[in-house]
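Understanding the architecture of this molecule
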Number of protein chains: 4
Amino acid sequence: MVRHALRLGMVGGGEGAFIGAVHRMAAALDGDWRLVAGAFSTDAGRNQRTGDALGLAPQRVYASFDAMLAGERALPEGERIDAVAVVTPNHLHAPMAIAALEAGFHVFCEKPMAMSVAEAEAIGAAAKASGRHFALAFTYSGYPLVEEARARIARGDLGAIRLVQVEYLQGWLSRPIDEQGNKQAEWRTDPARAGLGGCLGDIGTHAFQLAEHVSGLRVDSVSADLAIHVPGRRLDDDVSALLRFAGGARGVLKASQVAAGEENGLKLRIHGEQGGLEWAQMEPNTLTLRWLDRPAEIVRAGGPGLQDSTAALLRTPSGHPEGYVEAFANLYRAFAAAIRGGGDRWFPGVADGLRTMRFIEAVVANAASDAKWTMVDPGEKE
Amino acid sequence: MVRHALRLGMVGGGEGAFIGAVHRMAAALDGDWRLVAGAFSTDAGRNQRTGDALGLAPQRVYASFDAMLAGERALPEGERIDAVAVVTPNHLHAPMAIAALEAGFHVFCEKPMAMSVAEAEAIGAAAKASGRHFALAFTYSGYPLVEEARARIARGDLGAIRLVQVEYLQGWLSRPIDEQGNKQAEWRTDPARAGLGGCLGDIGTHAFQLAEHVSGLRVDSVSADLAIHVPGRRLDDDVSALLRFAGGARGVLKASQVAAGEENGLKLRIHGEQGGLEWAQMEPNTLTLRWLDRPAEIVRAGGPGLQDSTAALLRTPSGHPEGYVEAFANLYRAFAAAIRGGGDRWFPGVADGLRTMRFIEAVVANAASDAKWTMVDPGEKE
Amino acid sequence: MVRHALRLGMVGGGEGAFIGAVHRMAAALDGDWRLVAGAFSTDAGRNQRTGDALGLAPQRVYASFDAMLAGERALPEGERIDAVAVVTPNHLHAPMAIAALEAGFHVFCEKPMAMSVAEAEAIGAAAKASGRHFALAFTYSGYPLVEEARARIARGDLGAIRLVQVEYLQGWLSRPIDEQGNKQAEWRTDPARAGLGGCLGDIGTHAFQLAEHVSGLRVDSVSADLAIHVPGRRLDDDVSALLRFAGGARGVLKASQVAAGEENGLKLRIHGEQGGLEWAQMEPNTLTLRWLDRPAEIVRAGGPGLQDSTAALLRTPSGHPEGYVEAFANLYRAFAAAIRGGGDRWFPGVADGLRTMRFIEAVVANAASDAKWTMVDPGEKE
Amino acid sequence: MVRHALRLGMVGGGEGAFIGAVHRMAAALDGDWRLVAGAFSTDAGRNQRTGDALGLAPQRVYASFDAMLAGERALPEGERIDAVAVVTPNHLHAPMAIAALEAGFHVFCEKPMAMSVAEAEAIGAAAKASGRHFALAFTYSGYPLVEEARARIARGDLGAIRLVQVEYLQGWLSRPIDEQGNKQAEWRTDPARAGLGGCLGDIGTHAFQLAEHVSGLRVDSVSADLAIHVPGRRLDDDVSALLRFAGGARGVLKASQVAAGEENGLKLRIHGEQGGLEWAQMEPNTLTLRWLDRPAEIVRAGGPGLQDSTAALLRTPSGHPEGYVEAFANLYRAFAAAIRGGGDRWFPGVADGLRTMRFIEAVVANAASDAKWTMVDPGEKE
C-alpha cells in the first residue's frame, strides 16, 4: 500500500523568517509531510511570494489564518490539510492553536506554548476536546543523544540524581537591535507579543524543558534573578535561577541573550551518585558519560552502545553528523506517526508546555519579590 | 510565478541501502526536488516495497533501469523526470550514467565516477554531447566551511601553500564482514563491482578530491603504499600516499577502513606561508585558522567573517548545527540551479571525477611497482 | 653576584599528604627556594621519615611548629628560614600564620585563609605589624592565561562586564569516604577543622577568588543554596549561588564535590558588551575569546598576542604545556621577589583571603535564611 | 637515612637558551638532583652570569667542558658531580658524552644522539665500557599517558597493530629566521652543527622514537620525501615518510617546521584489530581509546583505569594538569633511580638513540634516491 505524505498548512513563516523555513525543512526531510497550504504573512505581497517560492497552488495561499482554516475545511478529506504549523509570535499561539484544533486540525506549535498558564490550559482543553494532537517545538528534545541521556538516566545508569546544570547562552541581543529594525528581536522584547519573559520565554523555556525531560525530575521551587542589561529593553535578556527538584536534586539554570560572542550554547549536565553526563547542542552527536570508578565514555550518534529508542531517531551511520534540522524532523516524524495512529514515539506537547508556562510565571514572581524560593506549581492537568 | 520542484528518478537505493536514502533526504530538504520514479532493486518485492514506502505512483516504480528510462521518456515533458540519481555499485555507474544522459536526462551519480579513466572519459563525452548536467556525489565539498576554506585559500589568506594533509579514517571493515553477509562491505571489496581500488576508491577518492578542490592545487605525482590487513580480502583496505603538488607543495594522504574504532574521520589540513587551516568532517561547522603572528581563529558556520559563497550554503543561524544531509543537499540545490539555468553555484562533476579516476590508477600503479613516484596524468579534458 | 635561594620551612605536609608535596615542587621549580626545615607531622616517625626523604638536616626536622619557630629563630640570619609554608588543616592557619609572622617570618599559607573573617583580619593585622609578606595559595590565579584574561578585561577588551559564570566541579566526595578513613576527606568535612563551609570553603573560595580577581569586580550580594547530598555529612558538599556584582554584572557560582566523575573542573566565563572569554583549569594553556563581530580567537600560552604580564609567567615556548605545579610556582616566585624587594609581581594575599572569608560567611548566612539576597561586606581593610 | 640529592653538572644552557633551563627545572622538580657545576657558555661573561643567577659556587662555573671534567674529577667523591647534562648543539653530543663517560660520570644527553650511526655506536661503547648510565632526552616518552599507551598495547588491548600514524608539526621555521639572527634556528639548519637532518633530526626523531616506543614495533623500511620550503635553507624543514613495520603494520610519519601557526603538535595514533588510541602532546593528560564494539574511553592522568607503571609517573590528582617539565622530570627521576641502583624505571638511552640515528640515515638515503623503500638497519647493538 502506498504511503502518502501528510498535508501541512502553515501560519506565519513568510520569506525571511527563520523558524518557518526550519519547520518546512524538518517536515520535508523524511517525506512524511508535504506543505500544501499557508497563510505566511499579513502582507499580501510577501504572502504570495512565499507561497510561490514554495510551489504552492495559488488558491491555497490564504490571505489570513481564518481564511486558511475555512478554505481547508471546505476541501474534501483526502485533500485538505491534516495539521497546522503555528510559527507566529507568542501572543498568537493560543488563539490560533485553539481555533485550529477546534476546526479539526492537528497542531504543531512554536514555543513558548502561550502567554500564560491559563492560555496553555485552554490549549490543553481544546486538544482534549477535539481529540487532535498538539506538538510543541521543543526541538532540542528531538536530538538522538538527548534521548540517549534520558533513557540512561531512566534506566538508573547514574544512580539517584543529585545535580542538574543547564545553560543556554546566546549573544545576539547584546546590542539594542530590537530598536534598530531587527524583526526577530523586536517582537521577542515586546511584552505584548512575547509575554512575561524575554530571554526567559524564548530560550529559558528550552533549558527548563530539557532539564526536566532528560532528568525525569520535576522542579519544585526556584530562586531567580532576571536582568535587563541593554538599557531601554522592556523584558529580561538574562536569566539566572537556582532550582530545587522534588527528591532533593539541586540545579542551576542560566540563560542569556547578551552573552556576547556565544551562538546557541545550550548545554545540559546531570550528575548522579555513580556518574554524570554532558550534552551540548552545538556538538550534538556526542554524549559524554563520566564515572566514579572508570574512564569517561564518549557515546556517539550511530556508534556502539545506544538504546533502541535512540537508534530510532538516527538517519546516518556514525560519523555522518546530523544536526538541528534532523532533530526537528524527529518531532515531525513522531507527530506524523501519532496522527497515523501507529505512534508510540514521544514528542513534546501539552504537558511540556504547561510546565514551562508555570516555570515562567514562577521565575517572574520570584524575581520580583524578596522571597528566596517560589514553588513551580506541579498540579498541571493535561 | 510558482516555482515547481524538479522531478527525480532513482536507480538503486532499495530499502536498507544507506546512500539512496541519503540522496532522497538531500533532494527533499529544500523542496527543489521531488522523487517521482525509481528502479530501486532488481528484487521485485523489494523494489515495490521501496516505492510504496516512498509514496510513488505504482506505475513509476520500474522493474529495471532500462524500463525507467523508456517509461519516463514516454511521458510528457511536464511530467517526466528531469534527472536520474545513480546510486548503484561502481561498475554500473558508467553504463547507466551514459544511457541516462543519452536519453536526455541529467545525472547525479555516486562516486567513484567509474571503473577506469576510460569509462570516466566516456561519461564526460556523453555529458558534453547531450548537453545535460552531470553531478558527482563528492558530498564533503558541499559543506559550507569547506567552501570557506577553499575561498580563503583562493584569496591568498594563507600565502603560497606548502603542506596538504588529508586523512579519511574509518574502522567498519576491521573485521571480515565482507565475508559474513554485509552487503555494503561485499561489493566494495569485490574487484568486479568496486574496481581497482577498495578503500582507495571508496574513500581515498573523497580525500583526494577534497584536497585538490580546497587547495586549488593539482597533484603531480604520488608515492603510495596499499595494504590488505584483513586476510583474504581482495582489495586494499588501507592507503598511504605521499603527494607532490605542482608548484612545490607536499602532501600526505591517509585513508583506511581498518582504523578500528574510527567513524568517518575525514580531515583536511593545509598550511601556507602565513598560516594554516584545519577542517574535520565530524565537526563540520568549525574551521580553524592558525596564523604565524596572531592567535588562531575559529570560524563558525553562520558566524562572523564568512565569505558570501559560504553564506549561500547555510540554512540556519550560527550554533544550529548543519550536518551531512545538508551538505549533500547543497549539491542537489546547485545541480537544480544549473538545470534551471540560473546556476552559478559550483558542484562536483566530470572534472572532479576524472581527476580521482586518474589518482586511483596512479596509486595502484605506483603501489605495484618499485618506482618512487608515479605521475597523475594532468591531461584530462572535460 | 651569586643569587642564593631563599630558605623555606614547612608545617604540615607529611608523607602521603597531597598539598605539601605540591608546595615543595612549586618552591623548587625555579630554584628560588630551598626547603631546609619542617615540622611535617605530629607523628614523630612520620615527621622524621618525611624530613629524611627530603634530605633535610636531622636537626631541622622539628617535633612541633613551635619548636620550628624557636629553633629557626635561634639560627644566624644567613641560615635560618626566610618563610614558613603553612599546609595544615584550616583551623590551624590563623594561629600558625600569626605566630610565624610575629616571629619575623614571611608566610605562604594554604586556603581558605582562616576559620572566620575575624581570624583573617587578625592575620592581616599581624602581617601589617610585622612588615612581613603573607601569600595565600589561590593557586589558580598563578596560571599565565588567568593573568591574560585579567589583563584583557582590565584593558577593556570585552567592554563593560555583564555576566560572570564560575564553576568548580569535583566528584571525589560522592561517596562517604570521609567516614571510611580518607584523611583528606575527613578533616575537610569536619566543622571543627574545616570551618563554616565544606565544599564552600575548600573550592567555592577558589571559584570566588578567581571570579573577582579576573573580572576586577566586587560581588555585592549573594543568594545561595547549600546542599549535603551524602547522608550524615556535616558540611555542605555542593554550593549554588547567584551573584550580583557592584556595577550591575550578574553571576552564577557553582561548586560541588559530589559531581561524580568530575576531576578538578574549575572554569571561568566572563562576558562583556563586546565579547566573552572562557578559561578552564584542566586545559589551562588555552584562553578562548569570543566576539560579537568577528571569529573567536584561541589565545595560547606562549603564542602570539599575549600581554607582557602573561609572558612573564611562562617558562616554555607555546605548545609545551605548563600545568598546575608551574602555576603554583608562579606564586612562589612572586612571593620570593617580594621578599627580595624587587617584587612588582602580584600574588594573592590578605585582601583575597579576607574577601573569600566574607563570601563564606555571607553564603552560609544566606543559605540558612529566607532572605533572597545577603550582602558580602565590602568594607575589609588590609 | 637522609636521602641526598644527586649532583649535576651542565654543559651548554647559558642564559637565554631554551633547553638548558628546561633540564634544570626538570632536575630540580622532585628534589632528586641539585645543579652544582656548569660550563654554560664559551662566552666568559655569559657563562659567569648564568652560574651566578643559578646560585652556583663561583669555582664550579667552569670556563670549558674540559675544565669542568678535570675540576670535578679532582673533587672528593661526596662532592663531585654524579652526572653531566649535555645540552649543546648536536655535533658536540658524541665527543662530550664519550669524554664524560670515560671520566666516570653518568650522562644525560640532548637528542638527536649524535651526528651519525657511527658516533652513536661509539657512545654506546663508551657507556658499556665505563659502566655508567646514558640517558637521552626523548622527553615525550616521559609523559604518563605515553606510558599508559605503551603498556596497554604491550598487554594486547588493541590486538595486533595495523596502523601507526605519528606527526610532529611546528611552524616556527616558516620564515628564514635562521638567516635573521635567531640562534636556535641558526645551528639547527646548519649541517655542520645539526647533522644530516634538519627538521628530520630535530623533531622527526622524536616522532620516530615515540612511534616505536609506544607501538613496541620496529620500522623495517621507509619511503620518504624531504623538502626545503624556505629558499636558501640548507637542511630539510619538512619530512613525510611512509613506514613499513616488521610484522606488517603500516605507518605514516609527518614532521614539519614550516606548518605555519602550529606550535608543538606531536600526535600519535595507533590502531589494532580491536581498537585504536590517540595521544597528543599539547593536551597530554588525556588518552583516547576507541573500540570496535563499545564507546570510546577517555583515560585521564590521575583518573581511574591506569596501569601501575603510569601511576608511578604522576605527581598530582586527576584534573591538576601536569605538563612538559613534569614529563622531562620523569626521565631525570628514572635516571637518578638507575644511578642509585634501585632503578627499574625505564628511561630512553643508547638503544633509542641508535634507532633514531639509523632512521635519519635511512630517510636521507631514501629521499635522495629513486628507490621506493630503504631498510632501517635493525642490527644495532646496545
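Everything quoted here is computed from the prediction, not taken from an experiment.

Cut-offs used in this document
Residues numbered from 1 in each chain as written. Chains lettered and ligands numbered in written order. Predicted model: local features only at pLDDT ≥ 70, side-chain atom pairs only at ≥ 80, totals over all residues. Heavy atoms only, no water. Helix = DSSP H or I, 4+ residues; strand = E, 2+ residues; numbered from the N terminus. Buried < 20%, exposed > 50% of the residue type's maximum accessible area, 1.4 Å probe, protein only. Contact = heavy atoms within 4.5 Å. Pairing = 2+ DSSP bridges. Axes fitted to C-alpha atoms, helices over the stretch in contact; angles between N-to-C directions. UniProt positions renumbered as here; feature names shortened; annotations may be inferred. Domains from an automatic or database assignment. Buried area = accessible area lost by both parts, 1.4 Å probe. Salt bridge = Lys/Arg side-chain N within 4 Å of Asp/Glu carboxyl O. Polar contact = N/O pair within 3.5 Å; in protein donor to acceptor, adjacent residues only side chain to side chain. Nonpolar A, V, L, I, M, F, W, Y, C, P; charged D, E, K, R; others polar. Phe/Tyr/Trp six-rings, centres within 6.5 Å; stacked < 30°, edge-to-face > 60°.

Quick look at the overall build of chain A now. Tallying secondary structure elements over chain A gives 12 helices and 14 strands in all. With respect to the three principal axes, the spread of C-alpha positions in chain A is 65 × 55 × 40 Å. Going through the 382 residues of chain A one by one, you find that 66% of them count as buried. For chain A, restricting intrachain contacts to residue pairs at least 6 apart in sequence, the fraction spanning at least 24 positions comes to 68%.

In this section: the sheet that holds strand β4 (residues 106-109) of chain D. All names here are of chain D. Taken in spatial order, the five strands line up as β2-β1-β3-β4-β5 in an open sheet, and their pairing is parallel. Here the strands that pair on one side only, and so sit at the sheet edges, are β2 (33-39) and β5 (134-136). Across the sheet, the mean angle from the axis of one strand to that of its neighbour is 25 degrees, orientation sign disregarded. Across three bridges, β4 lies against β5 in parallel orientation. What sits directly across from F108, in β5, is A135. Against the sheet, helix α4 (residues 93-102) contacts β1 (6-11), β3 (83-86), β4 and β5, and its axis sits at roughly 160 degrees relative to β4.

On the UniProt side, "domain: Gfo/Idh/MocA-like oxidoreductase N-terminal" (unreviewed entry) is annotated at positions that read residues 7-135 of chain A here. For residues 7-135 of chain A, the end-to-end C-alpha separation is 15 Å, with 43% helix and 19% strand making up the annotated structure.

Residue and element names in this part refer to chain A. One can read the domain layout of chain A as domain 1 (6-139) and domain 2 (144-312 + 349-367). For domain 1 and domain 2, the distance between their C-alpha centres works out to 26 Å. The partner domain 2 presents 22 residues to the 22 residues of domain 1 that form the contact. Looking at the side of domain 1 facing domain 2, the largest losses of area belong to M115, V117 and F138, adding up to 34% of the total buried there. Inspection of the region where domain 1 meets domain 2 yields two salt bridges. The element contributing the most residues to the side of domain 1 that touches domain 2 is helix α5 (residues 117-130), with five residues.

We now examine the environment of M68(B). Residues and elements named next belong to chain B. Structurally, the position occupied by M68 is in helix α3 (residues 65-73). A relative accessible area of 0% means that M68 is categorised as buried. In the structure, M68 is positioned 243 residues away from A311 in sequence and 37 Å away in space, judged by C-alpha atoms. Setting aside anything within four residues of it in sequence, one finds M68 in contact with G9, M10, V11, A37, G38, A39, Y62 and V84.

A few words on the interface of chain A and chain C. Size of an interface: often given as the accessible area lost when the parts come together. Facing the 49 residues of chain A at the interface are 49 residues of chain C. Carbon and sulfur atoms supply 49% of the area buried between chain A and chain C, which totals about 3700 Å² over both sides. If you sort the residues of chain A by the area they bury against chain C, R162(A), D225(A) and K372(A) come out on top, with a joint share of 18%. There are 10 salt bridges connecting chain A and chain C. Close ionic contact of R244(A) with D225(C) constitutes a salt bridge, the shortest N to O distance being 2.5 Å. Here chain A and chain C share 26 residue pairs in polar contact (both at pLDDT 80 or more) between them. Elements supplying a minimum of two residues to the side of chain A that touches chain C: β6 (161-169), β7 (219-227), β8 (238-245), β9 (250-256), β10 (265-272), β11 (275-280), β12 (286-291) and α12 (350-367) of chain A. Considered class by class, the residues forming the side of chain A that touches chain C number 17 nonpolar, 16 polar and 16 charged.

The next point concerns the pattern of salt bridges. All names here are of chain B. For the coordinates displayed, the defined rule picks out 128 salt bridges over all chains. Two residues, R188 and D202, come together in a salt bridge whose shortest N-O distance is 3.0 Å. With R188 in helix α7 (residues 183-188) and D202 in helix α9 (residues 199-215), the pair connects residues that are 14 residues apart, well separated along the chain. A relative accessible area of 15% means that R188 is categorised as buried.

Aromatic ring pairs are reported here in terms of the distance separating the ring centres and the angle at which the planes meet. Residue and element names in this part refer to chain D. Taken as a whole, this structure holds 58 aromatic pairs over all chains when the rule is applied. Taken together, a centroid distance of 4.1 Å and an interplanar angle of 15 degrees make the contact between F208 and F359 stacked. Taken together, the residues F208 in helix α9 (residues 199-215) and F359 in helix α12 (residues 350-367) connect sequence positions 151 residues apart. When sorted by exposure, F208 lands in the same class as F359, which is buried. Ring geometry for F328 and Y332: centres 6.2 Å apart, planes at 25 degrees, overall stacked. With F328 and Y332 both in helix α11 (residues 324-340) and four residues apart, this pair spans about one turn of that helix. Note on accessibility: F328 and Y332 belong to one class, buried.

In the numbering used here, UniProt assigns the "domain: GFO/IDH/MocA-like oxidoreductase" (unreviewed entry) feature to residues 147-278 of chain A. For the annotated span residues 147-278 of chain A, helix accounts for 27% and strand for 34% of the residues, and the straight-line distance between the end C-alpha atoms is 13 Å.

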